[in-house]
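# Inside the fold
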Amino acid sequence: EAQVTQNPRYLITVTGKKLTVTCSQNMNHEYMSWYRQDPGLGLRQIYYSMNVEVTDKGDVPEGYKVSRKEKRNFPLILESPSPNQTSLYFCASSANRGRGNEQFFGPGTRLTVL
Amino acid sequence: GEDVEQSLFLSVREGDSSVINCTYTDSSSTYLYWYKQEPGAGLQLLTYIFSNMDMKQDQRLTVLLNKKDKHLSLRIADTQTGDSAIYFCAEALSGYSTLTFGKGTMLLVSP
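Definitions and cut-offs
Residues numbered from 1 in each chain as written. Chains lettered and ligands numbered in written order. Predicted model: local features only at pLDDT ≥ 70, side-chain atom pairs only at ≥ 80, totals over all residues. Heavy atoms only, no water. Helix = DSSP H or I, 4+ residues; strand = E, 2+ residues; numbered from the N terminus. Buried < 20%, exposed > 50% of the residue type's maximum accessible area, 1.4 Å probe, protein only. Contact = heavy atoms within 4.5 Å. Areas by Shrake-Rupley, 256 points an atom, 1.4 Å probe, with all protein chains shown as cover. Lys, Arg positive; Asp, Glu negative; His and termini not counted. Charge placed at Lys NZ, Arg CZ, Asp CG, Glu CD. Salt bridge = Lys/Arg side-chain N within 4 Å of Asp/Glu carboxyl O. Buried area = accessible area lost by both parts, 1.4 Å probe. Polar contact = N/O pair within 3.5 Å; in protein donor to acceptor, adjacent residues only side chain to side chain. Nonpolar A, V, L, I, M, F, W, Y, C, P; charged D, E, K, R; others polar. Pairing = 2+ DSSP bridges. Disulfide = S-S within 2.5 Å.

### Things to note about the overall build of chain A
- Within chain A, the secondary structure is distributed over zero helices and 11 strands.
- Along chain A, helices (α) and strands (β) appear in the sequence β-β-β-β-β-β-β-β-β-β-β when read from the amino end.
- In chain A, which comprises 114 residues, the proportion classed as buried is 49%.
- The long-range fraction of contacts in chain A, counting pairs at least 24 apart against all pairs at least 6 apart in sequence, stands at 53%.
- About 5600 Å² of surface is accessible on chain A, with carbon and sulfur atoms providing 50% of the total.
- Here chain A contributes 14 positive and 10 negative side-chain charges, whose respective centroids are spaced 4 Å apart.

Printed below as a string of structure tokens:
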């Protein structure tokens, strides 16, 4: 089954404790992206990657890091999480050439930073 | 810069038509999308339209695009309670996969 998976689905942590949210897709997509969703603000892009070893900042990259060492994986790293990073995070992927560049979304990771 | 605006909430009765509106600012947008987010889930693509089209129909869904006014709408005919969700409008430039999303419209369908 074609899908985007994220782990963990739920995470409660404390300020300053490094964490990684994993994202993996099995559709051989070149493009992958991370978004955060907050009430009243909609989806905002954090980072994206056009292909392996190619990453770029989105609209809200501060406090986050990413890496793209393999095509299928695109982990999101919070080196020193803060409470304002409490949010719902979505990973997405798409083929650079596809049906209108349709993005496939993962199920989301709900992060709470205390 | 790019900006996508949507009304935040729409309430309709089951069986009625729903119309969700969206405006965008970037006239060079080539692809315009509607995504649906059900409670506790990620976003799923509902439909999309190229900027050289005025209308696209897909079963109960009709997308209208007014390029002059940079206005996009999604009409859902015979709305069902299962259509209750958040609907996101999004735009993308030709050759790029980066999407700019609106804040989403929550559609509530009552029996």
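### Things to note about the pattern of salt bridges
All names here are of chain A.
- One pass over the structure, following the stated rule, counts nine salt bridges over all chains.
- Among the ionic pairs, Glu 79 bridges to Lys 65, the shortest N-O distance being 2.9 Å. Residue Glu 79 is found in the loop between β8 (76–78) and β9 (87–94), and its partner Lys 65 is found in strand β7 (residues 65–66); the two are separated by 14 residues along the sequence.
- Here Glu 79 falls in the partly exposed class, since its relative accessible area comes to 37%.

### Regarding the interface of chain A and chain B
- Residue-level contacts link 22 residues of chain A with 18 residues of chain B.
- Carbon and sulfur atoms make up 54% of the surface buried where chain A meets chain B, a total of about 1600 Å² over both sides.
- On inspection of chain A and its partner chain B, the count reaches zero salt bridges.
- Across the contact surface, chain A and chain B share two residue pairs in polar contact (both at pLDDT 80 or more).
- Of the residues assigned to the side of chain A that touches chain B, the class counts are nine nonpolar, 10 polar and three charged.

### Considerations on the sheet that holds strand β3 (residues 19–25) of chain A
All names here are of chain A.
- Spatially, β1-β3-β8-β7 is the arrangement adopted by the four strands of the open sheet, whose pairing is antiparallel. The open sheet has two edge strands, β1 (4–7) and β7, and neither has a second partner.
- In this sheet, β8 lies alongside β3 in antiparallel orientation, the contact comprising three bridges. The residue bridging Thr 20 from the neighbouring strand is Ile 77, located in β8.

### Quick look at the pairing of strand β6 (residues 54–57) of chain A
Residues and elements named next belong to chain A.
- Note that strand β5 (residues 42–51) and β6 share four bridges and pair antiparallel. When the bridges of β6 are listed, Tyr 48 appears paired with Asp 56.
- Counting the residues that bridge the hairpin from β5 to β6 gives two residues, and of these Glu 53 lies at a positive phi of roughly 65°.

### Side note on the state of the cysteines
- A full pass over the atoms with the stated rule returns two disulfides over all chains.
- The disulfide that involves A:Cys23 links it to A:Cys91, with 1.8 Å between the sulfurs. The sign of the S-S torsion, about -70°, decides the handedness of the disulfide formed by A:Cys23 and A:Cys91: left-handed. With A:Cys23 in strand β3 and A:Cys91 in strand β9, this pair connects stretches of sequence that are 68 residues apart.
- Residue pairing for B:Cys22: its cysteine sulfur links by disulfide to B:Cys89, the two sulfurs lying 2.0 Å apart. Disulfide B:Cys22-B:Cys89: the torsion about the S-S bond is -65°, which places it as left-handed. Taken together, the positions of B:Cys22 in strand β3 (residues 18–24) and B:Cys89 in strand β9 (residues 85–93) put the pair 67 residues apart, joining distant regions of the chain. For the pair B:Cys22 and B:Cys89, a shared accessibility class is recorded, and that class is buried.

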